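# Descriptive structure summary
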Amino acid sequence: MTTDTDRLRRWRLVLGGEGAGPGSGLAEAQLSDEDSGVDAVLAALYDKPDEEAAGGPRSANLGASAPRVARWLGDIRRYFPSTVVQVMQRDAVDRLGLTRMLLEKELLSAVEPDVHLVGTLLSLNGVLPEETKETAREVVRKVVEQLEERLAERTRAAVRGALDKASRTHRPRPGDVDWARTIHANLKHYSPELRTIVPEKLIGFGRRQQAVQRDVILAVDQSGSMAESVVYSGLFGAVLASMRALKTSFVAFDTEVADLTEHLADPVDVLFGTQLGGGTDINRAIAYCQGLVERPERTLLVLISDLYEGGDEEELLHRIAELVGAGVQVVTLLALSDSGAPSYDHENAAALAELGVPAFACTPDQFPDLMAAAIRGDDLQGWVARESS
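Reference entry: report on the structure contained in this document.

Calculation criteria
- Residues numbered from 1 in each chain as written.
- Predicted model: local features only at pLDDT ≥ 70, side-chain atom pairs only at ≥ 80, totals over all residues.
- Heavy atoms only, no water.
- Helix = DSSP H or I, 4+ residues; strand = E, 2+ residues; numbered from the N terminus.
- Buried < 20%, exposed > 50% of the residue type's maximum accessible area, 1.4 Å probe, protein only.
- Contact = heavy atoms within 4.5 Å.
- Areas by Shrake-Rupley, 256 points an atom, 1.4 Å probe, with all protein chains shown as cover.
- Salt bridge = Lys/Arg side-chain N within 4 Å of Asp/Glu carboxyl O.
- Expected span 1.5 Å × (residues − 1).
- 1 Å grid on protein atoms, 1.4 Å probe; cavity = no way out; pocket = protein on both sides within 12 Å on 5 of 7 lines; lining within 4 Å.
- Points joined across faces, edges and corners; volume = space filled by probe spheres on them.
- Pairing = 2+ DSSP bridges.
- Axes fitted to C-alpha atoms, helices over the stretch in contact; angles between N-to-C directions.

### Some points on the overall build of the protein chain
Within the protein chain, the secondary structure is distributed over 16 helices and eight strands. Buried positions account for 45% of the 389 residues belonging to the protein chain. When contacts within the protein chain are restricted to residue pairs at least 6 apart in sequence, long-range pairs at least 24 apart make up 73% of them. Entry remark: accessible area of the protein chain is about 19600 Å², with carbon and sulfur atoms responsible for 49%.

Now the structure itself:
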């Protein structure tokens, strides 16, 4: 049962020192030593400094001392679970301008790694000091390994299943008959006289092919707003590239185009090959991707972008229409992240829809099933509707 004293204590922690003014009743709240520690780390991040309260300029409560920042990072890990720590770290970067803490090896090694932190590190890639770069790679690799454990095998299993189904034939050789599916498909043809099923059609696995069955091109917008999508795209690109049945290409773009396919053996190398920030020229990227297409009817092009085009929109739509007309399956992901509905160019999304190219946001957990549905040739608009319901 919550007492009045406990209720005052909780409100005091929620509202901070500024909320404990005269008449509030919170000044009398009793804080334990641990509560005082929690209150101090929250105040350092969320309370307004005296100068701001007096109309002066805003300044970082954590001050300019690197050791003080390091202690604060350690304290929040002591008092809060990792999910809360990640939120507070992001708030520290955004509210107090503490991006500089990621440029110092000691501070970087103290933070709690997550996808958002990786995105920030990638955006700082060009200015990271040499002595910090290896620590940054270790942080990124830790996050990538966590994501691989969660997503990699699911992706491989979903894609393998889709490739097996796509390769099935109704005129299989005797050794290639999928008897379980053949019996299920012919149950209605049971003959009481013969006391057996008369299979009107045979379903086979098809012979397992050693050759590449599908070509996959990931075209990834690396403008600043797409940071989280870039992280997940790099991981999935590496996972798909590890499958012999797929030929996977990874193209990152802003106003320039970088083909990172040769780095797909290591997703960390892929991520550090990106350059987050800058403008966007989707048309230029699609022009490059057109040159990678060798078997249109066997090619899946996944464009990951918010569709805010800084290049030639008319030519972009013309190029995508050419790809679709040639038999390439094109899918646009407005975001590949857990961050919810993204901001995107609605006009370009509608124009792509008219060309038969679906455009929608996709979470990382949905991506394996999306790839499987695309490989099977399912109706992706219907797939999206089912996933959203």
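Text resumes after the structure shown.
### Some points on the pattern of salt bridges
In a structure, side chains of opposite charge can pair up when their charged atoms sit close to one another. If you walk through the whole model with that rule in mind, you get 13 salt bridges. Between Glu153 and Arg160 there is a salt bridge, with the nearest N and O atoms lying 3.4 Å from each other. The partner of Asp215 in a salt bridge is Arg295, and the shortest N-O contact between them spans 3.2 Å. One end of the pair, Asp215, is in strand β3 (residues 214-221); the other, Arg295, is in the loop between α12 (282-290) and β6 (299-304), with 80 residues separating them in the sequence. Given the relative accessible area of 8%, Asp215 is considered buried. Put simply, Arg150, Arg154, Asp338 and Asp365 are held in one network by salt bridges that share partners.

### Structural notes on helix α10 (residues 227-241)
Look at α10: 21 Å from first C-alpha to last across 15 residues, which is about the 21 Å you get at 1.5 Å a residue. With respect to burial, α10 is a largely interior element, 14 of its 15 residues being buried.

### Here we look at empty space enclosed by the protein
Where empty space is left can be seen by rolling a probe of water-molecule size over the atoms. What the rule picks out here adds up to one cavity of 30 Å³ or more. Of the pockets and cavities examined, the largest cavity occupies roughly 50 Å³. Taken together, Asp215, Val216, Ile217, Lys247, Ser249, Leu292, Val293 and Thr299 make up the lining of the largest cavity. The set of elements that each furnish at least two residues to the lining of the largest cavity consists of β3 and β4 (246-253). A per-element tally of the lining of the largest cavity places β3 first, with three residues.

### A closer look at unusual backbone geometry
We note that Leu307 has phi near 70°; this positive angle belongs to a residue other than glycine. Considering the arrangement of structural elements, one finds Leu307 in the loop between β6 and α13 (313-326).

### Quick look at the sheet that holds strand β5 (residues 257-259)
Taking strand neighbours across the sheet as the criterion, the six strands line up as β5-β4-β3-β6-β7-β8 in an open arrangement whose pairing is mixed. In this open sheet, the two edge strands, each paired with only one partner strand, are β5 and β8 (359-362). Between one strand axis and the next, the sheet turns by 25° as a mean value, whatever way the strands run. Across three bridges, β4 lies against β5 in antiparallel orientation. Considered in β5, the bridge of Ala252 is made with Ala258.

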